[in-house]
Amino acid sequence: MLKSKNILLSETDVLIIGGGIMGATLASILKEVDSNLRVDIVEALSKPALESSHPLNNAGTGHAGYCELNYTPLLPNNRIDIQKAIKINAGFEISLQYWSYLTKKYPLFSPAKFIKRVPHISLVNGDKNIAYLKKRYFALKNNPLFKTIEFSSNFKTIGKWIPLLKSKKSVKKYAATKVESGTDVDFGEITFQLLSILKTKKNFHLRTEHKVLDINEHEDGSWLAKLTDDKEIKSKFVFIASGGNSLKLLQKTKVYEQIGYAGFPISGQWLVCKDPLVVAMHSAKVYGKADIGSPPMSMPHLDLRIINGEKILMFGPFASFTSKFLISGSFFDLISSVKFHNLKTLCIVFLKEWPLLIYLIKQNLKTHKNRMSDLRQFYPDAKSKDWHLEDAGIRVQIMKKTKKDGPKLEFGTEIIYSKQNNLAALLGASPGASISVQSMIHVVEKCIIKKERLSSWKSKIKKMIPSYDLDLEKNPKLLKKIRSTNQKILGINY
Ligand SMILES: Cc1cc2nc3c(=O)[nH]c(=O)nc-3n(C[C@H](O)[C@H](O)[C@H](O)COP(=O)(O)OP(=O)(O)OC[C@H]3O[C@@H](n4cnc5c(N)ncnc54)[C@H](O)[C@@H]3O)c2cc1C
């Protein structure tokens, strides 16, 4: 039996560790389906959403598979695999439906402050890439989810879509696709708005400046989270939504399911431009193709961002090596996450992924001049003085043993569940925030809904998310209705 001399701060049903978009979304869904549930969020920092969910720490792309070329790889049989794009698009529709539901229900939830329509464009040059993009366009446009995608290899049209690309010096052949209904999303603002609604509810507590140091399972199957200042919280269910730090906290729980998992942190930087004359010339998110050897999420993109009403341009990300798991973390994070059980995985992945390591070293060595020359692929007349470097968030990529390929580096998101389903942790960071609602519904279904309440909870979720349990791809009428309703409610119609 665990004996403790600590101060018991709270006894709760659900303890969420981390006040980013994931933790806030899970708490919000839970309180919508069962207002009596006791939910606590603990956040180490003085404010929520200061890590990856902060608008400057991520790209703010409402990932829907419209422009990200890594979601539609060319297969060895010369066909384009669009399955990942479909999955992500459907996942983002779930987020849009939930945000629309909250907009209708709560005056405090104001989409004008967090979501804007910003077209999503893919841009490539060179014959091989143009052939790929054309193939991708034909593969997507027959799918109801991507019906509105446009393609052009006419420089005049592309120049209208991306005015910054126009230059007297330009002699390259380009092709581009555009989806008008793409979005820019401020995930930090959503986090704040979700939390401000939650704070009005009973049985909900947000405790900032409360860092979880340890988590132990109690003999009755609940968990004791040890916090700073000798405080502790007892909870029936724990969700670790601690961004890059999730892996380290998961290791502390000692659940069997974390065995073999390791983390590989990659930090990032953006070139940022605030010159109003330049900013006014760009009104899209333009994604290019990632360099060979680079991680898929480091595809270069030039984005219009709208943060607190201010329009800025962001180009990047420029990846680099770090040993920290959070911006506010410690340089010992990586080394302290190395355990006997994940050492082999780590070593093998480092050996296998040497092109990635070389890529990161090269990225680290880039000067402002080099970065500007990358930017000039999108904006040939860019002036160095208009752009400055800012830090982005840190992504801790998952390394794990897989049955098929042995130890492997994963670029996606994964939720690890304990055998008893009394604890879950979210690892990885892509596509992340855009599909936060779908990911958190998964946690609710798998761990928190009790059998006797299953049908009542599911019907509540269905009211919030009309496409819940349905395949939108196979229900084009419902898709059309949902899209037009949501776009109107969220103010992103065109
Ligand atoms: C460079 C970059 C670009 C990205 N671009 C996009 C994009 O365009 N679109 C998109 O959808 N997603 C994007 N993402 C991913 C997205 O930002 C993340 O998926 C999302 O923000 C993760 O939210 P979270 O709540 O899990 O983590 P976070 O926002 O990092 O929150 C975790 C919280 O846990 C707290 N915490 C950590 N340890 C403890 C502890 N011991 N005790 C208490 N609290 C703790 C932290 O302080 C932090 O506030 C990007 C990420 C990066 C890094």
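In this text the structure is predicted, and so the values were computed from the model without any measurement.

The rules we used
- Residues numbered from 1 in each chain as written.
- Predicted model: local features only at pLDDT ≥ 70, side-chain atom pairs only at ≥ 80, totals over all residues.
- Heavy atoms only, no water.
- Phe/Tyr/Trp six-rings, centres within 6.5 Å; stacked < 30°, edge-to-face > 60°.
- Buried < 20%, exposed > 50% of the residue type's maximum accessible area, 1.4 Å probe, protein only.
- Lys NZ or Arg CZ within 6 Å of the ring centre and 35° of its normal.
- Helix = DSSP H or I, 4+ residues; strand = E, 2+ residues; numbered from the N terminus.
- Polar contact = N/O pair within 3.5 Å; in protein donor to acceptor, adjacent residues only side chain to side chain.
- Contact = heavy atoms within 4.5 Å.
- Near = heavy atom within 4 Å.
- Areas by Shrake-Rupley, 256 points an atom, 1.4 Å probe, with all protein chains shown as cover.
- Nonpolar A, V, L, I, M, F, W, Y, C, P; charged D, E, K, R; others polar.

Colleague: I would appreciate a short explanation of the packing of aromatic side chains in the present structure.
Modeller: Aromatic ring pairs are reported here in terms of the distance separating the ring centres and the angle at which the planes meet. According to the stated counting rule, one finds 13 aromatic pairs in the structure shown. Between Phe 92 and Trp 99, the aromatic rings sit 6.1 Å apart at their centres with planes inclined by 80 degrees, giving edge-to-face as the arrangement. For Phe 92, a relative accessible area of 4% puts it in the buried group. Since its relative accessible area comes to 1%, Trp 99 is described here as buried. For the pair Phe 109 and Phe 114, a centre-to-centre distance of 5.1 Å together with 55 degrees between the ring planes defines the contact as tilted. There is no split in this pair, since Phe 109 and Phe 114 are both buried. Among the aromatic residues, those joined into a ring-pair cluster are Phe 92, Trp 99, Phe 109 and Phe 114. Over the ring of Phe 318 we find Arg 371, and its NZ or CZ is 5.6 Å from the ring centre.

Colleague: Sorry if this is basic, but what is going on with the side chain of Gln 193 here?
Modeller: With respect to the element layout, Gln 193 can be found in helix α5 (residues 187-198). Reaching out from Gln 193, the side chain makes a polar contact with the side chain of Glu 189 at a distance of 2.8 Å. Residues in contact with Gln 193, not counting those within four places in the same chain, are Leu 108, Phe 109, Ser 110, Lys 113 and Phe 114.

Colleague: Could you clarify how one ought to interpret the site of the ligand in this entry?
Modeller: Around the ligand, a shell composed of 39 residues is seen, among which Glu 43, Ser 53, Thr 61, Val 212 and Ser 434 lie nearest. Contact distances for the ligand include 3.2 Å between an oxygen atom and a backbone N or O atom of Ile 21. Within the backbone of Gly 60, a nitrogen or oxygen atom sits 3.3 Å from an oxygen atom of the ligand. In the complex, the protein chains occlude 98% of the 1000 Å² of accessible area that the ligand would expose alone. Among the residues making up the shell around the ligand, the classes are represented as 18 nonpolar, 17 polar and 4 charged.

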